[in-house]
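Listed below, chain by chain, are the residues.
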Number of protein chains: 6
Amino acid sequence: MTVRIGRRYGFSATHRLFNPALGEAENRAIFGKCANPFGHGHNYEIELTVRSGVDPVTGMAVPLSKLDTLVEDAILADFRHRNLNEEVPAFREVVPTTENLAIEVLRRLHVAWPGTFPAAVILEKVRIWETERNICELSNES
Amino acid sequence: MTVRIGRRYGFSATHRLFNPALGEAENRAIFGKCANPFGHGHNYEIELTVRSGVDPVTGMAVPLSKLDTLVEDAILADFRHRNLNEEVPAFREVVPTTENLAIEVLRRLHVAWPGTFPAAVILEKVRIWETERNICELSNES
Amino acid sequence: MTVRIGRRYGFSATHRLFNPALGEAENRAIFGKCANPFGHGHNYEIELTVRSGVDPVTGMAVPLSKLDTLVEDAILADFRHRNLNEEVPAFREVVPTTENLAIEVLRRLHVAWPGTFPAAVILEKVRIWETERNICELSNES
Amino acid sequence: MTVRIGRRYGFSATHRLFNPALGEAENRAIFGKCANPFGHGHNYEIELTVRSGVDPVTGMAVPLSKLDTLVEDAILADFRHRNLNEEVPAFREVVPTTENLAIEVLRRLHVAWPGTFPAAVILEKVRIWETERNICELSNES
Amino acid sequence: MTVRIGRRYGFSATHRLFNPALGEAENRAIFGKCANPFGHGHNYEIELTVRSGVDPVTGMAVPLSKLDTLVEDAILADFRHRNLNEEVPAFREVVPTTENLAIEVLRRLHVAWPGTFPAAVILEKVRIWETERNICELSNES
Amino acid sequence: MTVRIGRRYGFSATHRLFNPALGEAENRAIFGKCANPFGHGHNYEIELTVRSGVDPVTGMAVPLSKLDTLVEDAILADFRHRNLNEEVPAFREVVPTTENLAIEVLRRLHVAWPGTFPAAVILEKVRIWETERNICELSNES
């Protein structure tokens with residue numbers, strides 16, 4: 001039996017939608033108030049979806065404590081209570097939209113994942129809620 | 001990188017589950033209290049899922065303000081604070097169940113979408129919550 | 001020990017914000033789209049707050065099944081899946097705003113309550129959510 | 001037109017993460033506090049996803065009252081207010097993790113489903129929320 | 001300036017509504033399925049309300065980390081993942097309804113509070129959600 | 001009949017818990033990660049509670065559109081998508097904790113309220129959710 005496990009994490013951070021390669025006016029035209037110089041923030045929610053068989057002994061697809069440690073170390077510890085533009089190197093030149101945030105989360109999981117779980121435990125997707133009405137999903141396919 | 005964007009909208013409306021081609025008794029047998037003559041209402045929630053690449057300059061898959069305007073004009077302006085049976089022509093002879101509501105939403109998006117976004121921006125699905133426990137999803141496939 | 005019990009109920013209904021004593025234009029000026037002729041609806045939530053001592057034998061302040069039956073019979077059975085303006089006599093000449101809905105709920109509880117619970121079980125207030133952002137609270141004081 | 005219907009149900013139950021084939025210490029090592037001898041509980045939420053065409057007469061994909069009766073009889077009546085380890089035979093020797101709970105729910109639906117709905121009404125998946133942050137999804141494929 | 005701080009905590013536990021001083025039949029008559037012998041559980045939510053002036057230096061009414069430690073040590077560590085009837089001595093002979101749970105929480109806070117915060121930091125009330133629809137509030141007055 | 005109206009608004013902003021009158025180390029000791037130099041953010045929710053009689057003609061306690069305009073102009077327009085420390089003068093030397101945010105919201109309402117509503121429309125309290133688990137309430141008494 002193969003199941004999909006969804007595991008959700010929350011963190012608060014600041015971002016500014018601003019591309020340093022463009023001028024002020026152009027950023028303002030593209031991002032509106034989201035380009036305000038000092039940034040604004042969100043209570044972000046991240047959900048990982050992991051596909052795996054179920055261990056017949058434990059009845060679990062993946063040890064959640066292991067997954068939690070991996071996500072804490074690879075992602076949350078760097079993002080929580082941070083200004084993503086200023087304090088996360090990946091967003092120095094990349095606009096920290098929810099889309100790029102999802103891409104960075106997946107990139108970090110690609111680095112941290114190997115060796116942590118058996119090969120049959122597959123990270124399928126990452127979803128990020130910026131607010132209840134704005135969601136970005138990134139599949140880990142191909 | 002291809003992502004899926006989820007964007008949620010809410011509106012309040014009235015509907016009556018009643019097929020004018022059938023008699024009172026038959027409607028009552030099929031729809032129960034939902035066939036009450038004066039209708040009842042819901043705080044509906046709609047979520048669109050859009051698949052797209054991420055623009056390397058803006059970091060965004062789709063300009064949300066453009067999507068919001070499209071949805072406001074094509075759907076919400078006609079549905080918000082309306083009686084779907086009486087005020088939305090599509091439901092004159094079609095029962096405004098959540099299923100048919102999703103079909104009408106997708107039909108309207110098919111009309112309004114072309115030319116608004118580049119061809120690579122794909123509307124994948126529509127989901128409607130009538131209540132937190134009743135959901136209808138319609139894929140925009142094939 | 002005196003506690004307050006909160007108990008929540010949901011129902012879906014239609015209302016139209018319209019005062020039949022005023023003309024169309026005046027209603028439109030006051031209520032805007034909420035005056036649309038065929039009404040619109042909501043998933044309403046009602047919460048009753050009941051103050052009571054705790055029964056030392058049952059550990060309960062009030063038997064919830066008794067409260068549920070009272071609310072079902074006195075309120076929900078008449079409101080659920082109904083058009084409040086057309087099908088609830090109290091709203092024939094009274095605009096079914098959330099305020100007046102709370103007043104009507106309290107009036108009905110005043111009729112149904114006596115004799116159901118011991119005198120020490122006090123109905124303290126009624127709260128109604130029309131949406132997550134619009135709430136009306138009515139105290140049962142004096 | 002083919003749609004997917006999501007229908008959600010809630011129930012409260014107790015479980016203990018404990019494999020009787022292993023010793024106390026091993027259970028404690030695997031499940032931590034979740035192995036506490038007397039169990040702990042959750043307000044579980046189950047969502048079924050059903051794929052179906054839409055009946056042109058009723059505008060519905062599946063009669064919800066029929067689905068509700070099936071789920072009540074096959075699942076909720078046995079799980080609600082129960083200790084899953086002690087009172088549901090399937091979990092006598094199988095650890096009632098959310099994964100195994102989803103498998104048992106699907107197994108019961110496989111027994112109850114045939115003959116209830118037309119063949120074109122397909123049960124696609126089962127999702128269970130143990131908490132808002134722990135979700136297990138089981139596809140009914142192959 | 002005096003403010004009220006609300007702070008919420010969650011924990012999962014099992015309870016059985018059963019008064020050992022009464023017989024099986026009487027318990028069943030009072031508590032219905034909630035008297036099932038092996039108990040059932042909930043994802044409980046507790047909210048404390050604390051009234052206090054605001055420290056002009058920190059801008060805070062009460063150091064949340066201190067409050068969190070107090071609640072963790074005095075309440076959550078004993079309740080989380082536990083069977084309240086079997087593992088919390090206070091409920092050996094007292095039915096662990098939400099009402100009695102609130103009383104026990106307040107009793108424990110009365111023991112743990114003194115000396116932790118300045119005298120001007122007042123615990124005003126405790127609220128417990130057993131489910132989204134069942135709430136018990138206990139004031140810390142007189 | 002006097003009712004209480006609750007009206008909720010949301011906005012996203014950044015804050016840094018940092019008192020410029022103290023040194024780095026002291027700020028870090030008091031505020032921990034919340035003192036990170038570039039700030040972090042939240043999806044804040046504000047709820048105003050307004051007490052008023054119900055207008056017998058409109059059935060409303062307070063015209064919500066008027067209240068919404070007042071709150072938009074006096075509060076949201078300045079706070080939305082802003083860094084509270086850097087862009088809201090009140091927080092130049094005052095730490096923008098939720099407590100101080102509530103005090104500033106109330107101060108602004110004191111300025112904007114008079115003349116907008118009849119004297120019998122009383123602003124009773126302000127509540128702010130920083131997250132679902134952190135709430136600050138400020139009464140407008142005396």
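The structure presented is a predicted model; accordingly, all values stated were derived computationally and were not measured.

A. Molecular detail of the arrangement of the chains. Across the gap from chain A to chain C, with no contact made, the nearest C-alpha atoms are 13 Å apart. Separated throughout, chain B and chain E approach each other most closely at a C-alpha pair spaced 13 Å apart.

B. Examining the packing of helix H2 (residues 64-79) of chain B against helix H4 (residues 98-112) of chain B more closely. Residues and elements named next belong to chain B. The N-to-C vectors of H2 and H4 enclose an angle of 140°; their axes lie 9 Å apart at closest approach. On the basis of their axis angle, the class for H2 and H4 is oblique. Here H2 runs over H4; the crossing is right-handed. Of the residues in H4, those touching H2 at Leu70, Ala74, Ile75, Asp78 and Phe79 are Leu101, Glu104, Val105, Arg108, Leu109 and Ala112. Across the contact of H2 with H4, the residue classes tally to 8 nonpolar, no polar and 3 charged.

C. Inspection of helix H2 (residues 64-79) of chain D at higher detail. Residues and elements named next belong to chain D. Most pronounced at Glu72, the bend in H2 amounts to some 50°. If you check which residues of H2 are buried, you get Leu67, Leu70, Val71, Ala74, Ile75, Leu76 and Phe79. Against strand E1 (2-15), strand E2 (40-53), strand E3 (82-83), helix H3 (84-87) and helix H4 (98-112) lie the buried residues of H2. A positive phi of about 60° marks His81, the residue just after H2.

D. Summary view of the relation of the copies chain A and chain F. Each copy superposes on the other: chain A lies on chain F with an RMSD of 0.0 Å after a rotation of 180° and an axial shift of 0.0 Å. What the rotation and shift describe, once combined, is the action of a two-fold rotation axis. Nearest to the rotation axis, the C-alpha of Gly41(A) is located 1.6 Å from it, this being the minimum over chain A. Both copies contact each other with a shared surface, as 100% of the interface residues of chain A are interface residues in chain F too.

E. Structural detail: the interface of chain A and chain F. Counting residues at the interface gives 22 residues for chain A and 22 residues for chain F. With both chains or domains summed, chain A and chain F bury close to 1800 Å², and 46% of this area falls on carbon and sulfur atoms. The interface formed by chain A and chain F contains 0 salt bridges. Applying the counting rule to chain A against chain F returns 20 residue pairs in polar contact (both at pLDDT 80 or more). Ranked by residue count, the leading element in the side of chain A that touches chain F is strand E2 (residues 40-53) of chain A, at 4 residues. Looking at the side of chain A that touches chain F, its residues break down into 5 nonpolar, 11 polar and 6 charged.

Cut-offs used in this document
- Residues numbered from 1 in each chain as written.
- Chains lettered and ligands numbered in written order.
- Predicted model: local features only at pLDDT ≥ 70, side-chain atom pairs only at ≥ 80, totals over all residues.
- Heavy atoms only, no water.
- Contact = heavy atoms within 4.5 Å.
- Axes fitted to C-alpha atoms, helices over the stretch in contact; angles between N-to-C directions.
- Helix = DSSP H or I, 4+ residues; strand = E, 2+ residues; numbered from the N terminus.
- Parallel < 35°, antiparallel > 145°, perpendicular 65-115°, else oblique.
- Left-handed = near helix turned anticlockwise from the far one by under 90°.
- Nonpolar A, V, L, I, M, F, W, Y, C, P; charged D, E, K, R; others polar.
- Bend = angle between axes of the 7 residues up to and from the residue.
- Buried < 20%, exposed > 50% of the residue type's maximum accessible area, 1.4 Å probe, protein only.
- Least-squares fit on C-alpha atoms with pLDDT ≥ 70 in both.
- Buried area = accessible area lost by both parts, 1.4 Å probe.
- Salt bridge = Lys/Arg side-chain N within 4 Å of Asp/Glu carboxyl O.
- Polar contact = N/O pair within 3.5 Å; in protein donor to acceptor, adjacent residues only side chain to side chain.

Nothing here speaks to function; it is all geometry.
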